[in-house]
Amino acid sequence: MHTRSAQLLRYVQLLADLLLLNGSILLAGILRFDDLRVTNEEYFNYYIQLWIFLNLTWILVSQVLKIYEIRPTTEIRTSIWGQIKTLIIQFATLALMLVVLKKFVYSRLFFGYFFAAFTLSGMFFRVVFFNWLRRFLGKPRNARMVILVGGGEVADDFIEQVEAHPEFGLRIHQQVIEGDPNEVRGIEQVEEVYIALPPDDKRIQDWYRFSEQNLLRFRYLPHLGVRNLTNSSMELLGTVPVIYPRKEPLELWHNRLLKRTFDILISILLMVLIFPWFLPIVAIWIKADSRGPVFFRQKRSGINNDTFDCIKLRTMVVNDRADEVHATENDPRITRAGRFLRRHNLDELPQLWNVFLGQMSLVGPRPHMLKHTDEYRRLIDMFMVRHLIPPGLTGLAQSRGLRGEVSDPASMEARVRADVYYLENWSFLLDIKIILVTIWNMVRGRSVGT
């Protein structure tokens, strides 16, 4: 995406939000007041001041948070989360100001109407805007023609990505593998040159001069020797470039605080509401169905591969293979009570205690038994990456149907890809989405655990 195009899109988003913000203010005023009391100068001035404050704070906070910085790969929920963060800061600033001034003259119902209207309309705009943007960038007539210089793995990867993602807005006009700039045909159609040559190749300088002489933008595709850099970023350590292979939103303290606060509040709420009546009933059923304890504790791999005791309701007869072999669909070890509990994922509910203790989170990669961690870390790339964040009561992989018995390394690899995607793209909205899908699967009787 061109720099000027990206800047134009930022202005379009900001303008749209300001129109929605002012429209929401007007709508809230119409809904709240039959008479806006414009004849009362003092009262009218208070709302004029509020109108100015809301516009200025939105412009300032949105620019500080850079919520309008987008790429072709930016997801809708990322933009929506940026909108929500800006709204939270705006509301907190307004509340603090009113407390300091000690003069609350505004209608609370007015604020309710305003924030509801602005939040919903902003979300709707982002869904429409991003769907339009992807279709627009994906049209051949809007693509930028580029020259690809070089061959090999890097060039092949570039071609694959361009063909798989038309929303990137690139089309390869010509690939030059062994030739020089003089072999380019139809140069007037080209806008950029992408170089996939080794860094010591002398032709790079020739292509660089050729690009500048023909007003083409020069791009270099480095041979890093590292794959899986989908969400990588680069920073300069002085003059030395440092590439970070992935973004980790939960490395930011405020994201960890938000996630942990949510975990504590929800785990306490659910334990208070469910445990007092649910556990006694289920305990009686489990004890009546088979001999053994009500709870089953198993050592599992947690954050940073630290070991913790994962608590579950016992769903199998007591056996020596529980710590080594996953239960299969028709496993004879599963009791009648256990089959029902597993179908609706109720056997995982005691892990709310693990969540409260901070050993787990409500959402995250499902923890594996130690034997499977040792086994799959040798077989699957990125398997251990999932241990950079706390394991979850449910996860993105489970919400996508990747759950139950692990029959082969390929099925585990699919789960790992989903877990790493979650780690790299975490947002509070993604957690909410996964929780809602999990609840729906539990109601339908589709187990989401491991």
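Here we come to the nonpolar core. Within the largest apolar cluster, 53 residues are counted, with the highest numbers of intra-cluster contacts made by Phe-129, Phe-278, Leu-313, Leu-352, Leu-362 and Tyr-422. Counting residues per element, this core draws most heavily on helix H7 (residues 253-289), at nine residues. Discounting chain neighbours no more than four positions away, the residues touching Leu-362 are Phe-262, Asp-263, Ile-266, Leu-352, Val-355, Gly-392, Leu-393 and Thr-394. Membership of the second largest hydrophobic core comes to 23 residues, among which are Leu-18, Ile-25, Leu-50 and Phe-111.

In this section: the pairing of strand S3 (residues 192-195). Covered by surrounding structure in S3 are Glu-192 and Tyr-194 together with Val-193 and Ile-195, the residues of both alternating faces. Pairing between strand S1 (residues 144-149) and S3: four bridges, direction parallel. Residue pairing in the sheet places Ile-147 in a bridge with Val-193 of S3. Bridge analysis of S3 against strand S4 (residues 217-220) gives four bridges, and the strand direction is parallel. Its bridge partner being in S4, Ile-195 is matched across the sheet by Tyr-220.

Moving on, we come to the packing of H7 against helix H8 (residues 336-343). Two numbers describe how H7 lies on H8: the axes approach to 8 Å, and their chain directions differ by 140 degrees. Considering the angle they form, H7 stands oblique to H8. The segment H7 lies against H8, with Val-282, Trp-285, Ile-286 and Asp-289 engaging Arg-336, Ala-337, Phe-340 and Leu-341. In terms of residue class, the contact of H7 with H8 is built from six nonpolar, no polar and two charged.

The terminal C-alpha atoms of helix H5 (residues 152-164), which comprises 13 residues, lie 18 Å apart, in line with the 18 Å expected from a rise of 1.5 Å per residue. The secondary structure elements touched by the buried residues of H5 are S1, strand S2 (170-176) and S3.

Below, the discussion takes up the sheet that holds S3. Strands sit in the order S2-S1-S3-S4 across an open sheet of four strands; the sheet is parallel. Strand pairing shows two members of the sheet lacking a second neighbour, S2 and S4, which therefore form its edges. The average undirected angle you get between the axes of adjacent strands in this sheet is 25 degrees. Where H5 meets the sheet, it contacts S1, S2 and S3, and its direction lies at approximately 150 degrees from that of S2.

Between helix H3 (residues 76-101) and helix H13 (residues 428-444), whose axes approach to 8 Å, the crossing angle comes to 115 degrees. Seen from H3, the contacting residues are Arg-77, Ile-80, Trp-81 and Ile-84; seen from H13, they are Phe-428, Leu-429 and Leu-430. Its residues assigned to classes, the contact of H3 with H13 shows six nonpolar, no polar and one charged.

Once that is clear, we can look at the side chain of Lys-259. The residue Lys-259 is located in helix H7 in this model. Each residue touching Lys-259, except ones within four places of it in the same chain, is listed here: Leu-250, Ser-361, Val-363, Tyr-422, Trp-426 and Asp-431.

The next point concerns the environment of Glu-192. One can find Glu-192 in strand S3. Classification of Glu-192 as buried rests on a relative accessible area of 2%. Taking C-alpha positions, Glu-192 is 6.9 Å from Met-145, a pair spaced 47 residues apart along the chain.

Tracing the chain through its elements places Ile-389 in the loop between helix H10 (370-379) and strand S10 (392-394). Spatially, the C-alpha atom of Ile-389 lies 5.3 Å from that of Ile-303, the residues being 86 residues apart in sequence. The residues touching Ile-389, leaving out its near neighbours within four places in the chain, are Leu-250, Ile-303, Pro-365, Tyr-422 and Leu-423.

Conventions and cut-offs
- Residues numbered from 1 in each chain as written.
- Predicted model: local features only at pLDDT ≥ 70, side-chain atom pairs only at ≥ 80, totals over all residues.
- Heavy atoms only, no water.
- Core = buried A, V, L, I, M, F, W, Y, C linked by side-chain atoms within 4.5 Å.
- Buried < 20%, exposed > 50% of the residue type's maximum accessible area, 1.4 Å probe, protein only.
- Helix = DSSP H or I, 4+ residues; strand = E, 2+ residues; numbered from the N terminus.
- Contact = heavy atoms within 4.5 Å.
- Pairing = 2+ DSSP bridges.
- Axes fitted to C-alpha atoms, helices over the stretch in contact; angles between N-to-C directions.
- Parallel < 35°, antiparallel > 145°, perpendicular 65-115°, else oblique.
- Nonpolar A, V, L, I, M, F, W, Y, C, P; charged D, E, K, R; others polar.
- Expected span 1.5 Å × (residues − 1).

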